[in-house]
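The residues making up each chain are set out below.
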Amino acid sequence: MSEQVRAGGGPAAKTPPDERIRAVPQRHPGRWVTSAVLLFLLVFLVQGWAANPRMQWATVGEFLFAPVVLEGLRTTLMLTVLAMAVGIVGGVAVAVLRMSPNPVLARLSALYIWVFRGTPLLVQLLFWYFLSAIVPVIGLGVPWGPTFFQVDTNHLITQLTAAVLGLGLHEAAYMAEIVRAGLASVDEGQTEAAHALGLTRRQTLRRIVLPQALRMIIPPTGNQAISMLKTTSLVFAIAVPELLTSIQGIYSRNFQQVPLLAVACVWYLVATSVLNVGQHYLERRFRRGADRSAPAPRARRGAAATAEEDRS
C-alpha cells in the first residue's frame, strides 16, 4: 500500500521502512495529573472511612447476614419484582391508549399519567393503606344496583398489597412515557407497510413496532428497576418489613445507627450491581444487528482481515 510514483513518471518504488510516517499519540500530562490527584483523594477517603473505629465493623459483620436483615432483603426484592411487573404491564397499556386514535381513551390515559406523576409516591402509599377509611367495603355488582360479591377493604388491602399498588401504579405512569417514546421512535413507514400487508393494528403493534421499540425501552426500564429497588424503602411509612425497616428496627434497640445503615448500603449495592449486570446483557441482546460498535462475528472478522491483507 505504501508506494510512491517517481517525479519522472518512472515505475513505482516502495518507500524504505525508515522513511515511513509513524504516528505518535499526543501527550496529555494534565489528564494524568488529574487522575493521580483524584486517585489519591479516593484512597485517602476510603482509608479514613475504613480505619475509623466508630464505624464498628464488627457490628457490621455481625448483622450483615442476620435472619431479620435477610428477610427484609427478600421483601425488598419481592416488592421490586411485583411493582415493576405492575408498572411495565400498566405502562404498556397506558402508552398504547395514549397513542390511540380514540380521543376519549387518549384523554383518560393522559389524565392517569397526570395524576400519578403529579402526586408524591409517599402520599399514594398512604392513600392505599388508608383506603378503608373512605371505602370500607369493596364489592362487585351492577352500578347503582344489586351487589353480588363484597369483601372488607382491610382484609383485601393489606400492608403488602398497599405497597405493591402504590409502587406499581406510580411506576406505570413513568413507564407509559418511556414506552410511548420507544413506540414513537419506530418509523411510521413500518406501520404503513404492515397495514398494507393486511395486519391489524394489534398485530402491527405486537409483531412489528414493539420488538423494534424494545431497543429504546430497555435502557430506561433498567434504570427504573434500579430506582424502584431503592424506592421500596419508602414503604416504611406503612410498616412493611423491607430491608430499611428491618434495619431501623434493629438500631432502635441497640442504638448502632451508622453500622447498621452500612449493612443496608452493602445489600443495596449488591442488589443494584446484579440488576446492572442483567441490564447490560439484556441491552446487548436486543441491540444485536443495530450496534455498529459491537464486535463482528468471528467469521466476518476473519473475512475482513483476509481482505485487508489482500489490499496491502
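Scroll up to find the structure this text is about.
The numbers attached to residues start from 1 for each chain and follow its sequence in the written order. Reporting in this predicted model follows two pLDDT cut-offs: at least 70 for local features of residues, and 80 or more for side-chain atom pairs to be given and counted; totals over whole chains, interfaces and linings ignore these cut-offs and use all residues. For side-chain calculations, the full set of non-hydrogen atoms in the structure is used, while hydrogens and water are omitted.

A. Geometry of helix H8 (residues 188-196). The N-capping residue of H8, defined by a side-chain oxygen 2.7 Å from the backbone nitrogen of glycine 189, is aspartate 187. Just downstream of H8, glycine 198 is the residue with a positive phi angle, here 100°. For this analysis, a polar contact is any N or O atom pair within 3.5 Å, provided that within protein one partner can donate a hydrogen and the other can accept it, and provided that sequence-adjacent residues contribute only side-chain to side-chain pairs. Comment: elements are numbered from the N terminus, with helices defined as DSSP H or I runs of at least four residues and strands as E runs of at least two.

B. Molecular detail of the nonpolar core. Core analysis: the largest hydrophobic core is formed by 34 residues, its most contacted members being Tyr112, Leu167 and Val235. Elements that contribute at least two residues to this core include exactly helix H3 (67-98), helix H4 (103-118), helix H5 (121-129), helix H7 (159-184) and helix H9 (201-231). No other element matches the twelve residues that H7 contributes to this core. A contact between two residues is defined here by any heavy atoms of the two lying within 4.5 Å. Non-local contacts of tyrosine 112, meaning those with residues more than four positions away in its chain, are made with Val94, Leu169, Ala172 and Ala173. What makes a nonpolar core is a set of buried Ala, Val, Leu, Ile, Met, Phe, Trp, Tyr and Cys residues whose side-chain atoms join them at distances within 4.5 Å. Only protein chains enter the calculation, and the probe is 1.4 Å; a residue is then buried if its accessible area is under 20% of its type maximum, exposed if over 50%, and partly exposed in between. Formed by 18 residues, the second largest nonpolar core is a distinct cluster that contains Tyr251, Leu260, Ala264 and Tyr268.

C. Just the environment of leucine 70, in detail. Residue position: leucine 70 is located in helix H3. By relative accessible area, leucine 70 is classed as partly exposed at 34%. Considered as a pair, leucine 70 and glutamate 242 are 172 residues apart in the sequence and their alpha carbons are 9.4 Å apart. Aside from chain neighbours lying at most four places away, what touches leucine 70 is Leu64, Phe65 and Trp267.

D. Quick peek at the packing of H3 against helix H11 (residues 257-286). Angles shown run from 0 to 180 degrees and are taken between the N-to-C directions of axes, each axis being a line fitted to C-alpha atoms and, for helices, limited to the stretch in contact. Contact pair H3 / H11: the axes reach a minimum separation of 12 Å and the direction vectors enclose 40°. It follows that H3 is oblique to H11 by the angle criterion. When you trace H3 past H11, the crossing you get is right-handed. Contacts between H3 and H11 pair Val69, Leu70, Leu73, Thr76 and Leu77 from the former with Val263, Trp267, Tyr268 and Ala271 from the latter. A per-class count over the contact of H3 with H11 returns eight nonpolar, one polar and no charged. Geometric relationships in this document are graded by angle, where less than 35 degrees denotes roughly parallel, more than 145 denotes roughly antiparallel, 65 to 115 denotes roughly perpendicular, and other angles denote oblique. For any helix crossing, the convention is left-handed if the near helix is rotated counterclockwise from the far helix by under a right angle, and right-handed if that rotation is clockwise. Any residue outside Ala, Val, Leu, Ile, Met, Phe, Trp, Tyr, Cys, Pro, Asp, Glu, Lys and Arg is labelled polar, Gly included; the first ten of those are nonpolar and the last four are charged.

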